[in-house]
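So you can see what is in the structure, the chains are spelled out below.
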Amino acid sequence: MAPLLTGFAASPWMRAALRYGAIILALLLFLLSLRRSGERAGRLAERLQTTEKANDVQRQMLEAAARRPRDRHELAGRLRDGRF
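Chemist: Help me understand the pattern of salt bridges in this model?
Modeler: Under the definition given, this model contains 5 salt bridges. Note that Glu 39 and Arg 35 form a salt bridge whose closest N and O atoms lie 3.7 Å from each other. Placement of both Glu 39 and Arg 35 in helix H2 (residues 12-67) is noted, with a separation of 4 residues, approximately one turn of the helix. Judged by relative accessible area, which is 39%, Glu 39 ranks as partly exposed. When salt bridges that share partners are traced, they join Asp 56, Arg 59 and Glu 63 into one network.

What counts as what
Residues numbered from 1 in each chain as written. Predicted model: local features only at pLDDT ≥ 70, side-chain atom pairs only at ≥ 80, totals over all residues. Heavy atoms only, no water. Salt bridge = Lys/Arg side-chain N within 4 Å of Asp/Glu carboxyl O. Helix = DSSP H or I, 4+ residues; strand = E, 2+ residues; numbered from the N terminus. Buried < 20%, exposed > 50% of the residue type's maximum accessible area, 1.4 Å probe, protein only.

Fair warning: the whole summary comes from geometry, so function is off the table for now.
Shown next, in the form of structure tokens:
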């Protein structure tokens, strides 16, 4: 049985079919990895967007804290001058 299989695989048509099959398999694996890398890039872009939103909120909170009156005298002065 083994010599028949060896003789079958040794035929030029079978070698060409195996060669083209290997090329198609390599191409399919490449396309699959390309799709996965695209999905990974999409997830990274979403994470970056979420991080930018969080950083924007933190920046706004820090700016609000910097504008906060330091003591009640400064608060009273702002209220008097209409700057609050």
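Back to the text.
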